[in-house]
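Coordinate analysis (summary)
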Amino acid sequence: MVNLRQRKFTKLAQNIEEKRVERNGNIITIYQMHHPACVTSFFRALQRGLDKGIKSFKIVWAGEIVFPDACVPIAGIIAFYRENFHIEFEFDVPADSYLQRCGFLDPIRPTVAMLDVEQYPFDKVYRYSDSSQVSALTQSYVDCLSRLTECSEGILTGLIWCLSEIMDNVLVHSEAGHGFVMTQYHPERNVVAICVYDSGIGICNSLRKSSHRPRNSMDAISLAIQEGVGDGKGQ
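Because the structure is predicted, anything quoted here is derived from the model rather than measured.

**Section: the overall build of the chain**
When helices and strands are tallied, the chain shows nine helices and seven strands. Of all 235 residues assigned to the chain, the portion counted as buried reaches 38%. Summarising the internal contacts of the chain: among those between residues at least 6 apart in sequence, 58% fall at separations of at least 24. Roughly 13600 Å² of accessible area belongs to the chain as shown, and the carbon and sulfur atoms make up 51% of that amount.

**Some points on the packing of helix H2 (residues 36-51) against helix H3 (residues 68-85)**
Helix packing geometry: the angle between the two helix axes and the distance between the axes. Put simply, H2 and H3 touch, their axes get as near as 8 Å, and they point 25° apart. Classified by the interaxial angle, the pair formed by H2 and H3 is roughly parallel. The chirality of how H2 crosses H3 is right-handed. Facing H2, whose interface residues are Pro36, Cys38, Val39, Phe42, Phe43, Leu46, Gln47 and Leu50, H3 presents Asp69, Ala70, Pro73, Ile74, Ile77, Ile78 and Tyr81.

**Side note on the sheet that holds strand S7 (residues 191-197)**
Paired through their backbone hydrogen bonds, the strands of a sheet run either parallel or antiparallel. Here three strands make up an open sheet; going across it, the order is S5-S6-S7 and the pairing antiparallel. Only two strands of the sheet have a single partner each, and these edge strands are strand S5 (126-128) and S7. If you compare each strand with its neighbour and ignore which way they point, the axes differ by 25° on average. Pairing between strand S6 (residues 179-186) and S7: seven bridges, direction antiparallel.

**Describing the packing of aromatic side chains**
For the structure shown, the criterion picks out eight aromatic pairs. Ring geometry for Phe122 against Tyr141: centres 5.9 Å apart, planes inclined by 25°, an arrangement best described as stacked. Of this pair, Phe122 sits in the loop between helix H5 (112-116) and S5 while Tyr141 sits in helix H6 (residues 131-148); the two residues are 19 residues apart in sequence, bridging distant segments of the chain. Owing to a relative accessible area of 1%, Tyr141 belongs among the buried residues under this scheme. Every member of this aromatic cluster is reached through a ring pair, and the members are Phe43, Phe80, Tyr81 and Phe85.

**Considering the state of the cysteines**
Counted according to the given criterion, the structure contains zero disulfides. For Cys195, which is in no disulfide, the shortest distance to another cysteine sulfur is to Cys71 and amounts to 8.7 Å.

**Topic: H2**
A rise of 1.5 Å per residue sets the reference length of H2, with its 16 residues, at 22 Å; its end C-alpha atoms lie 23 Å apart and thus fit the reference within 8%. Along H2, the positions that sit buried rather than exposed are Ala37, Cys38, Val39, Ser41, Phe42, Ala45, Leu46, Gly49 and Leu50. Turning to H2, the residues buried within the fold contact strand S1 (21-24), strand S2 (27-30), strand S3 (56-61), H3 and strand S4 (88-92). Where H2 ends, the next residue or the one after it, Gly53, has phi of about 90°, a positive value.

**Concerning the packing of H6 against helix H7 (residues 155-173)**
Where H6 meets H7, the closest approach of the two axes is 10 Å, and the angle between their N-to-C directions is 155°. The angle between the axes of H6 and H7 places the two elements in the roughly antiparallel class. For the pair H6 and H7, the crossing hand works out as right-handed. On H7, the residues that touch Ser131, Val134, Leu137, Thr138, Tyr141, Val142, Leu145 and Ser146 of H6 are Leu156, Leu159, Ile160, Leu163, Ser164, Met167, Asp168 and Leu171.

The rules behind the values
Residues numbered from 1 in each chain as written. Predicted model: local features only at pLDDT ≥ 70, side-chain atom pairs only at ≥ 80, totals over all residues. Heavy atoms only, no water. Helix = DSSP H or I, 4+ residues; strand = E, 2+ residues; numbered from the N terminus. Buried < 20%, exposed > 50% of the residue type's maximum accessible area, 1.4 Å probe, protein only. Contact = heavy atoms within 4.5 Å. Areas by Shrake-Rupley, 256 points an atom, 1.4 Å probe, with all protein chains shown as cover. Axes fitted to C-alpha atoms, helices over the stretch in contact; angles between N-to-C directions. Parallel < 35°, antiparallel > 145°, perpendicular 65-115°, else oblique. Left-handed = near helix turned anticlockwise from the far one by under 90°. Pairing = 2+ DSSP bridges. Phe/Tyr/Trp six-rings, centres within 6.5 Å; stacked < 30°, edge-to-face > 60°. Disulfide = S-S within 2.5 Å. Expected span 1.5 Å × (residues − 1).

It is worth stressing that arrangement in space is one thing and function is another; only the former is reported here.
Written out as structure tokens, the structure reads:
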């Protein structure tokens, strides 16, 4: 009997720990935003609400830690449903929270002039739609990082190439018309966290429109990094 109770308590504790998102009617409460799994949980909660005919949602933030790989996709999903399906969203987010300050509620649409004078482009959700913004964002990130820490030879060059390639691919191949990007710098680990997101057709569908015929998403990713497959060099 004791063992059974212990197992039930352990299971309950695990459920509480793993709770990321929950929906109650039209209210979606987000408890965690630090892992891609949080995006899946949010999308499921939103989709189940839509399936029930809900057209207006209230997003409540009840967490603390925010990483780009969850924050950016969720912001992009909200923008996608708001603009394409006229779904309404309101937010209950503390005014002094990181999520409020980073532009999650209304992603920043930067001009090149704005980025030329931006001293700290990290910790901001940006929405971009042309190649000039890609270049300016990439340069702003690299300039800021070089001021914050000393990078080994080739790191900044590699970062420029990767960011430019990925962000530009969104504009060229996704058919979304725009993308979202966010970068964080974690000095205690000397780590840069970056997320680029779009609501486009995906790598697999994009390649199926070319001479390549990937069978599934894994095939598509393998093809995408090969030289000569895309517009870039597949590096």
